[in-house]
Amino acid sequence: MRKKKHSTTNLQRPTSNDAQAAVNSSLEVRCSMFDVRCLPSFNFVFLILLAALLAPVSTGRAEEFGDILVAPQAMYSGNTFHGYAEMRVTLENRSISRMHDVTLVFPNHAWNNGNSIDRLSRTVTLTPGARAVVPLLQPPLPVNGDSSIRVEVDNHEEGTVRAPNANNHMSRYNRGGPPVVFISRSLDSEAVERVFNANRAGFTPAMAMGAPDASSRGGGQPRTWMPDARQYGKTNWLELDYAPSLAADKISIYQTMSLPSDGEILLTGVSGTNLIRLPMSAGRSVPGAAQLKEFSFVLTGEPVKTVRLNFGKTPPYSIAIDAVQISGPSGSAWASDARASSDNSAQASSYGRSSSGDESTESLRAELPITAWSENWLAYTPFDAVVLNAADFNSMPSAVLAAIGDYLQAGGNVFVFGQGDLPPTWLSARKKTLAEGVEYHVGLGTCFVATAKNVSTLDPKTLQYLRNTIIAAAHYWQSLPNDSSAANAAFSVVENVKIPIRGIVIIMLAFVVTIGPVNILLLNRRKRRTWMLWTIPAISIATTLLVFAYSLLREGITPNTRITGLTVLDQAGHHATTVGATAFYCPLTPGGGLRFDYETEVTPLVPVGYNFGSAREVDWTQAQQFRRGWVSARVPAHFHLRKSESRRERVQIENHAGQLEAVNGLGASIKSLWFADADGKIYQARNIAAGQKAGLMASGNSRISERLGAEGLFHDIGFTARTDSLDDNVKKYLLPGTYVAELEGNPFVENALGPAASPKRTRTTAVVYGVLDSPENQ
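None of the values given here were measured: they were computed from a predicted structure. (Residues numbered from 1 in each chain as written. Predicted model: local features only at pLDDT ≥ 70, side-chain atom pairs only at ≥ 80, totals over all residues. Heavy atoms only, no water.)

A.B. asks: Help me out: how do you make sense of the packing of helix H11 (residues 709-717) against helix H12 (residues 726-733) in this one?
C.D. replies: The description of two packed helices rests on the angle between their axes and on the distance between the axes. The geometry of H11 relative to H12 is characterised by a closest axis approach of 9 Å and an angle of 150° between their N-to-C directions. One way to sum up the angle between H11 and H12 is to call them roughly antiparallel. The two elements H11 and H12 meet at a crossing, and its hand is right-handed. Here Gly 709, Gly 712, Leu 713 and Asp 716 of H11 come into contact with H12, specifically with Leu 726, Lys 732 and Tyr 733. Partitioned by chemical class, the residues of the contact of H11 with H12 number 3 nonpolar, 2 polar and 2 charged. (Axes fitted to C-alpha atoms, helices over the stretch in contact; angles between N-to-C directions. Helix = DSSP H or I, 4+ residues; strand = E, 2+ residues; numbered from the N terminus. Parallel < 35°, antiparallel > 145°, perpendicular 65-115°, else oblique. Left-handed = near helix turned anticlockwise from the far one by under 90°. Contact = heavy atoms within 4.5 Å. Nonpolar A, V, L, I, M, F, W, Y, C, P; charged D, E, K, R; others polar.)

A.B. asks: Help me understand the pairing of strand S34 (residues 637-646) in this model?
C.D. replies: A regular strand carries its side chains on alternate faces of the sheet. A large share of S34 lies buried, amounting to 9 of its 10 residues. As paired strands, strand S29 (residues 575-585) and S34 are joined by 10 bridges and run antiparallel to one another. Bridging from a neighbouring strand, Ala 576 pairs with Glu 645 of S34. By the bridge criterion, 5 bridges tie strand S31 (residues 600-604) to S34 in an arrangement that is antiparallel. Of the residues in S34, the one forming a bridge with Pro 604 is Phe 639. (Buried < 20%, exposed > 50% of the residue type's maximum accessible area, 1.4 Å probe, protein only. Pairing = 2+ DSSP bridges.)

A.B. asks: What is the right way to read empty space enclosed by the protein from this model?
C.D. replies: Over the atoms rolls a probe the size of a water molecule, and in doing so it shows where empty space is left. Applying the stated criterion across every chain, the model contains 3 cavities of 30 Å³ or more. Its volume calculated, the largest cavity comes out at about 90 Å³. The dominant element in the lining of the largest cavity, judged by the number of residues it contributes, is strand S5 (residues 85-93), at 3 residues. When grouped by side-chain class, the residues that make up the lining of the largest cavity number 6 nonpolar, 7 polar and 1 charged. (1 Å grid on protein atoms, 1.4 Å probe; cavity = no way out; pocket = protein on both sides within 12 Å on 5 of 7 lines; lining within 4 Å. Points joined across faces, edges and corners; volume = space filled by probe spheres on them.)

A.B. asks: Teacher, can you tell me more about unusual backbone geometry here?
C.D. replies: Backbone geometry follows two general trends: most residues other than glycine have a negative phi, and most peptide bonds adopt the trans configuration. Residues Phe 106 and Pro 107 are joined by a peptide bond in cis, for which omega reads -5°. Following the sequence through the fold, Pro 107 ends up in the loop between strand S6 (100-106) and strand S7 (116-126). In this structure, Pro 244 follows Ala 243 across a cis peptide bond, with omega equal to 5°. As for its position among the elements, Pro 244 is in strand S12 (residues 236-246). Positive phi outside glycine occurs at Asn 167, with the angle close to 60°.

A.B. asks: It is not clear to me how the sheet that holds strand S21 (residues 337-340) should be interpreted in this structure. Could you clarify?
C.D. replies: In a beta sheet, neighbouring strands are held together by backbone hydrogen bonds and run either parallel or antiparallel to one another. Spatially, S15-S14-S18-S12-S21 is the arrangement adopted by the 5 strands of the open sheet, whose pairing is antiparallel. At either margin of the open sheet sits one strand with a lone partner, and together these are strand S15 (274-279) and S21. Put simply, the sheet's adjacent strands are angled 15° from each other on average, direction ignored.

A.B. asks: What is the right way to read the packing of aromatic side chains from this model?
C.D. replies: Ring pairs (aromatic) are described by centroid distance and by the angle formed between their planes. The final tally for this structure, using the stated rule, is 22 aromatic pairs. Here the aromatic rings of Phe 393 and Trp 426 are separated by 5.8 Å at their centres, their planes lie at 85°, and the arrangement is edge-to-face. Of this pair, Phe 393 sits in helix H4 (residues 392-395) while Trp 426 sits in helix H6 (residues 424-427), and the two are 33 residues apart along the sequence. Overall, the relative accessible area of 2% leaves Trp 426 in the buried class. Ring centres 5.8 Å apart and planes at 50° place the aromatic pair Trp 531 and Trp 534 in the tilted group. (Phe/Tyr/Trp six-rings, centres within 6.5 Å; stacked < 30°, edge-to-face > 60°.)

A.B. asks: Would you mind going over helix H5 (residues 398-409) with me for this structure?
C.D. replies: With 12 residues, H5 should reach 16 Å at 1.5 Å per residue; the first-to-last C-alpha distance of 16 Å fits that figure. Within the sequence span of H5, burial applies to Val 400, Ala 403, Ile 404, Gly 405, Asp 406, Tyr 407, Leu 408 and Gln 409. (Expected span 1.5 Å × (residues − 1).)

A.B. asks: Even after reading the chapter, I still don't get the side chain of His 169, so can you show me in this structure?
C.D. replies: Note that His 169 resides in the loop between strand S10 (156-162) and strand S11 (180-183). Given the relative accessible area of 3%, His 169 is considered buried. Polar side-chain contacts of His 169 include one of 2.8 Å to the backbone oxygen of Gly 83. With near-sequence residues (within four places) excluded, His 169 lies in contact with Thr 80, Phe 81, His 82, Gly 83, Tyr 84, Ala 85, Gln 138, Pro 139, Pro 140 and Pro 142. (Polar contact = N/O pair within 3.5 Å; in protein donor to acceptor, adjacent residues only side chain to side chain.)

A.B. asks: What am I meant to see in a nonpolar patch on the surface here?
C.D. replies: There is a patch of nonpolar side chains on the surface, built from Ile 501, Val 505 and Leu 509 and spanning about 290 Å² of accessible area. Within the element layout of this structure, Ile 501 appears in helix H9 (residues 501-525). Assessed through its relative accessible area of 56%, Ile 501 is described here as exposed. (Patch = residues over 30% accessible without salt bridge, like charges linked within 9 Å, V, L, I, M, F, W, Y side chains within 5 Å. Areas by Shrake-Rupley, 256 points an atom, 1.4 Å probe, with all protein chains shown as cover. Salt bridge = Lys/Arg side-chain N within 4 Å of Asp/Glu carboxyl O.)

A.B. asks: When you look at the sheet that holds strand S25 (residues 430-434) in this model, what are you seeing that I'm missing?
C.D. replies: The sheet built from 7 strands is open, its strands ordered S22-S11-S23-S24-S27-S26-S25 with mixed pairing. Since the sheet does not close on itself, it has two edges, and those belong to strand S22 (362-365) and S25, each with one partner. In this sheet, adjacent strand axes meet at a mean angle of 20° when their direction is disregarded. Where strand S24 (residues 413-417) lies against strand S27 (residues 445-450), 5 bridges are found, and the strand directions are parallel. Within the sheet, the bridge partner assigned to Val 414 lies in S27 and is Cys 447. Contacts from helix H7 (residues 460-478) reach S11, strand S23 (385-389), S24, S25, strand S26 (437-442) and S27 within the one sheet, and its direction differs from that of S24 by about 155°.

A.B. asks: Help me understand the nonpolar core, please; the structure alone is not making it clear to me.
C.D. replies: Proteins that are soluble and globular tend to have nonpolar side chains buried together. Counting residues in each nonpolar core, the largest one holds 86 residues, and the members touching the most others are Phe 182, Trp 373, Tyr 380 and Leu 594. In this view, Leu 594 contacts Phe 584, Gln 624, Gln 625, Phe 626, Trp 630, Val 631, Phe 639, Ala 752 and Leu 753; residues no more than four positions away in its chain are not counted. Core analysis: the next-biggest nonpolar cluster, separate from the first, contains 32 residues, Leu 444, Val 494, Ala 676 and Tyr 733 among them. (Core = buried A, V, L, I, M, F, W, Y, C linked by side-chain atoms within 4.5 Å.)

A.B. asks: I keep staring at the environment of Leu 726 and nothing clicks. Help me out?
C.D. replies: Locating Leu 726 in the fold gives a position in helix H12. For Leu 726, a relative accessible area of 2% gives the class buried. The spatial distance from the C-alpha of Leu 726 to the C-alpha of Leu 713 is 9.0 Å, given a sequence separation of 13 residues. In this structure, Leu 726 is in contact with Trp 674, Leu 713, Tyr 733, Val 740, Glu 742 and Val 767, ignoring residues within four places of it in sequence.

A.B. asks: When you look at the pairing of strand S17 (residues 289-296) in this model, what are you seeing that I'm missing?
C.D. replies: With 5 bridges connecting them, strand S13 (residues 250-255) and S17 associate as antiparallel partners. Of the residues in S17, the one forming a bridge with Lys 250 is Ser 296. Here 3 bridges tie strand S16 (residues 284-286) to S17, and the two strands are oriented antiparallel to one another. Residue pairing in the sheet places Val 286 in a bridge with Ala 289 of S17. In this structure, the hairpin formed by S16 and S17 is closed by a connection of 2 residues, where Gly 288 is found at a positive phi of approximately 80°.

A.B. asks: When you look at the side chain of Glu 645 in this model, what are you seeing that I'm missing?
C.D. replies: Position of Glu 645 relative to the elements: it lies in strand S34. The exposure class of Glu 645 is buried, given its relative accessible area of 11%. Polar contacts involving the side chain of Glu 645 include one to the side chain of Arg 647, which spans 3.3 Å. When sequence neighbours within four positions are dropped, the list of residues in contact with Glu 645 reads His 574, His 575, Ala 576, Asp 597 and Phe 748.

A.B. asks: Mind showing me how you'd approach the environment of Ala 572 here?
C.D. replies: Among the structural elements, Ala 572 can be located in the loop between strand S28 (560-570) and S29. Taking the C-alpha atoms as reference points, Ala 572 and Thr 425, 147 residues apart in sequence, are found 9.2 Å from one another. For Ala 572, the residues in contact, after removing those within four places along its chain, are Val 771 and Asp 773.

Dropping the structure here:
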């Protein structure tokens, strides 16, 4: 290993689009990768000076490896539970004469525990003076390894750099988790956190309402109220209201961490008068109840309405209140309402789920300005919502806007606060006016535009709508099959995946009889007992070959493949969003692994944890190459897929003297086609070969009914695109100027086995929800 130079450099990149374009056009850079931004320079010093003059954005501290500078960065820091987590590495070749191949490998050292990723790699070729931003995207499996990225230059290991936000993706060791919200830097992230977690998540004041429900283990628990653990040196307090109010002579505080000795308790009556003031040090421990403190005092002169617990500047992580009860001659009462100086709901997900049955929201604040956000839609797939300020659209680069648009159409959620100009494709989507904003249904996703700029001013109904939206998005991933048996039941690739026990048992019995009694009897008759030295190995080898031949004859060596999915095809925008599934059953482990394109999100339907499966490898150099560990011999492998891409396929509706005809330009034969015209009348055709046309016949008096659109169709048929009830229910989904087509084939999803796949052993189907491009074609 060559020794790296122990020095660091701050890499800068210009944020001016015009200046960046000028630099891009100066020279051409050759990069053996996809979606890599290369900024060549004929003079390195000049480029650095130019970047400094153009309001640069720091990409972090760069490590120096000979001619190569390496600076990793991430858009955010925190936990995510599905989708692809992106880390980016800025590379720069400072040589003015030599070209270098740079390979990034994450992690540097892997532990190889369970279904995980032990190698994530990408190689880029840098010409002299070139610069590249290299994204490394981690599929939805944990990385069990160290937090370092290994840097190899020209096939020589040079050293490591610290990976940003390492080992925080899929860290719960299960698929799905609490909702995750990505928040623009132009918004008050703490206000957004409070909105999504208010009165429902762990550590909120609501957790101190009612009777105690925390466990007896003590310590910080989401079922208790805890102040924001990130804020030190601030005054913390909790106020509890009681209805009905009652005169009290005792207060009982249930806590999972000891009350501070310098704290204070204040009781206020219904008239607003302060009735009792008690030091927390005066509390009495109750035998057998370590988490209970009781305070006795003279009966109050009027009913107690409010109890306030003042903790002063006690460190927030040492405060945890489960419940507070007031008691008196007329009975006792638990708190009915609560408020506090702050709460720790933003960190509740790291402790587990709250007692309310809902999940706290993981709020991730962008660490980069929106001009430096990712240009790849896969980088946004870990988020259940992206929260933006309307002003962000004015500074958002077109490539970033396109990536967020692809994320939205693939089922993502975008919340926008304030008035601004949305992209035309979003504005033209189906919309619904709500009390404080407008909801747009773009593809399979939802964009909510609030009229208010201040998040905290939204009314309760709107807040609940936003919360329900992200909860539903998070629960989708939790509902996916989590093991091979469940996945094969939902989407079978072979009918019988059981081991052929009967045949193998017969062969083994024959082996035992042959190698034992038969072998000894024959050799005794021939008086050749010494031949057992070669007959036993020979019979063993023959039996092994027989078992192999039996398996070969039973299953062959050709893999079985099944592909299906729902595609939402926007013919006007030339865009296709596909949500589907693919499955493989391979008698032999495929040597080339699986190969998906750069635009595909692939979620393996396997259990995640230390005790299941094996480590896997992904390389992003030429494509999304799943090299090792993804498919094993004679074990079905199932994957959930999402794609968001530009496509030109279409169905053309032609009107010839009042007779409607459909031209199939989808690239696969149409089994059934349903089309709704501008008046909502439904027409139907069947068996249209690719490239051919057929007449459309009116489907009786059938007309569109519930107008559920593509989202309603996806809700009913799911990612496996079940079509058993499609004919009966299609009128619920159609809108004017749309069609639903059931295809015999799937042109929108590639066969990841490539040349190793056999068309005869491949089953492909698709359902297309198409939106026509103009009124003339409706």
